[in-house]
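Single-letter residue listing:
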Amino acid sequence: MKYIDYSILQRLLVHRGKMDFPALVYRELGLVYSSLSSVEQAHALEQIHSNGSLLEEIKEKEMQAIFEIETDMISILARMEEIGVRVDAKKLTSIGKEIVQKMTHIEAEIFSNVGEVFNLNSPKQIQYILFEKLGIKPLKKNKTGYSVDTEVLEEIAKSHDIARSILEYRLLAKLNSTYIIGLSKAIQKETSTIHTTYESLGTSTGRLSSNDPNLQNIPTGDGYAEEIKSCFIPRKGNILMVADYSQIELRILALLSQDPHLLEAFENGEDIHERTARFLFPNEKTISQDQRRIAKMVNFGVIYGITGFGLAKTLGCSPWEAGRYVDAFYEKYSRVGEYYDDLVKKGEEDSYVSTLFGRRRYISSLTDANKTLRAAARREAINMPVQGTAADILKFAMREIAKEIKQQNLKGSMILQVHDELVFDIPKNEQETFQEIVRDIMEHIFDTVKDKIQTQNLFLKGEKPQFPPILVDIGVGENWAKAK
DNA sequence: CGAGGAGCGA
DNA sequence: ACGTCGCTCCTCGA
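A brief structural summary. Computed from a prediction, not measured in an experiment: that's the story for all the values here.

1. Side note on the protein's contact with DNA strand B
Turning to step 1, where the next piece is worked out: Close contacts around DNA strand B come from 21 residues, with Val 148, Thr 150, Arg 170, Asn 217 and Asp 420 the closest.
Turning to step 2, where the next piece is worked out: Expressed as a percentage, the sugar and phosphate content of the atoms of DNA strand B within 4 Å of the protein is 83%.
Turning to step 3, where the next piece is worked out: With respect to DNA strand B, the backbone of Thr 144 contributes an N or O atom lying 3.0 Å from a phosphate oxygen.
Turning to step 4, where the next piece is worked out: Residue Thr 150 places a side-chain N or O atom 2.7 Å away from a phosphate oxygen belonging to DNA strand B.
Turning to step 5, where the next piece is worked out: Its residues placed into classes, the surface near DNA strand B shows seven nonpolar, eight polar and six charged.

Set out below in structure tokens:
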């Protein structure tokens, strides 16, 4: 079993990004953290916890709720890591064999067409083949030369079959190296389980991260991706249950901005992308699939502080057209734009932005003289409260769920977290119980943590905040693919 | 061993 | 200049 090092307060929230836990130990206790034994490290941790000036600082910054949830996450995540997830190693291997076979085939085909053997994993060699040997026109540059990324190859594929073949090879190579080989190496032989490591304070927004191996980027979708996901299985006699928040970030944007149209759409249980599509295409009687697709991209893009240019790239339309969509969005959901302006203005004054529960991200470049840096800082500022509040509530929900599992002495376990999704490995006879508990806690989490909400981060203009309904989709199955 | 390119997820 | 947050794989050159 892997050692679980939650030297937790590894990075104390108060200074995250600027000071890590070892540095904090040094500052507060004058000790070099890494030179301490694990017992001594734990002791140092206790001292930090009982350190008056630190607690004072947390209180002054109104970060008690964040401090408490982060403290509670330590044991919750440690438990999830320790339990791990069961994986069908044989199936993974057999999928791998299929993939390798296909790769070999594509590889041979490419080499024979080009009349040369080269390394398909080397962007530099692909550059040579495409742009020098075959004389294809390069489309995009990067630091070291001409780009051969997916976007470029997709364009070239319209006229040259080799680009399509390279894309196919790349896809398979990624799946094989990262997921077949990578995950196989991580399987504990005795138990057929994989034990990731979570970092609770490893991101600038408050999200978790997962590493060694990363179980937060397992492929989704059809084909081999689905095959790979189906290798994640429950323990004997159990089933997997997946609970994921539906459009959580857009709902949080509705809450933070208090935009009446967003709130109303969610309140009425409308299809939010369709609603946006009606705003973007006011003259259309009915909304086509493509129009809905565009609206969906716009909705997500707004959360990231998108520009017309950026949207044009992902949409594959002209910047002018994309700009019109962005403008139309802010025209209709006008409180979103006002909220962003309020947020950034306060961010400029404070040099940080906050989630609804007081988690902070320090951003200094909001007032930088460099326009590009300033724009980047603005996007970070805009995204953080949305992404961070979503992270906060899932952490709160995890705490409530862990508490309930313990109280009811349930045999099932929470085993994975993927930003808006929780995965459980549970006995079949606990299925109903888990479904009820998890849905109830996740959907009503704002009620549960009401007293921790900092309404000043809503920039309310007099009125009381309206909370959008929060919905959770729950699925159950004999593997991760089927439970989704 | 680290930088750069590329690609997987929310 | 060009949409946020992550992690891992590979190549290539120090």
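2. Some remarks on the sheet that holds strand β11 (residues 472-477)
Pairing between the strands of a sheet comes from backbone hydrogen bonds, and it takes one of two forms, parallel or antiparallel.
Turning to step 1, where the next piece is worked out: Pairing is antiparallel across the open sheet formed by four strands, whose spatial order is β9-β10-β6-β11. This sheet does not close on itself; its edge strands, each paired only once, are β9 (413-417) and β11. Averaged over all adjacent pairs, the angle separating strand axes in this sheet is 25°, with direction ignored.
Turning to step 2, where the next piece is worked out: Of the pairings in the sheet, the one linking β9 to strand β10 (residues 421-427) comprises four bridges and is antiparallel in character. Of the residues in β10, the one forming a bridge with Gln 417 is Leu 422.
Turning to step 3, where the next piece is worked out: Along the sheet, helix α17 (residues 371-407) makes contact with β6 (238-245), β9 and β10, crossing β9 at roughly 165°.

3. Let's talk about the protein's contact with DNA strand C
Turning to step 1, where the next piece is worked out: In the vicinity of DNA strand C lie 33 residues, with Asp 212, Gly 301, Thr 307, Gly 310 and Thr 314 positioned nearest.
Turning to step 2, where the next piece is worked out: The protein-proximal atoms of DNA strand C, defined as those within 4 Å of the protein, are 72% sugar or phosphate.
Turning to step 3, where the next piece is worked out: A distance of 3.1 Å separates a phosphate oxygen of DNA strand C from a polar side-chain atom of Gln 125.
Turning to step 4, where the next piece is worked out: Elements with a contribution of two residues or more to the surface near DNA strand C: α6 (123-133), α8 (161-186), β4 (209-211), α13 (289-303), α14 (308-315) and α17.
Turning to step 5, where the next piece is worked out: When residues in the surface near DNA strand C are grouped by element, the largest group, five residues, is from α17.
Turning to step 6, where the next piece is worked out: Counted by class, the surface near DNA strand C contains five nonpolar, 21 polar and seven charged residues.

4. Describing the packing of α14 against helix α15 (residues 319-332)
Turning to step 1, where the next piece is worked out: Contact pair α14 / α15: the axes reach a minimum separation of 8 Å and the direction vectors enclose 115°. Relative to α15, the element α14 is oriented roughly perpendicular. Crossing handedness for the pair α14 and α15: right-handed. Across the interface between the two elements, Gly 308, Phe 309, Leu 311, Ala 312 and Leu 315 from α14 touch Pro 319, Ala 322, Gly 323, Tyr 325 and Val 326 from α15.
Turning to step 2, where the next piece is worked out: Of the residues that constitute the contact of α14 with α15, the class distribution is eight nonpolar, two polar and no charged.

Each value, and the rule that gives it
Residues numbered from 1 in each chain as written. Chains lettered and ligands numbered in written order. Predicted model: local features only at pLDDT ≥ 70, side-chain atom pairs only at ≥ 80, totals over all residues. Heavy atoms only, no water. Near = heavy atom within 4 Å. Polar contact = N/O pair within 3.5 Å; in protein donor to acceptor, adjacent residues only side chain to side chain. Nonpolar A, V, L, I, M, F, W, Y, C, P; charged D, E, K, R; others polar. Pairing = 2+ DSSP bridges. Helix = DSSP H or I, 4+ residues; strand = E, 2+ residues; numbered from the N terminus. Axes fitted to C-alpha atoms, helices over the stretch in contact; angles between N-to-C directions. Contact = heavy atoms within 4.5 Å. Parallel < 35°, antiparallel > 145°, perpendicular 65-115°, else oblique. Left-handed = near helix turned anticlockwise from the far one by under 90°.

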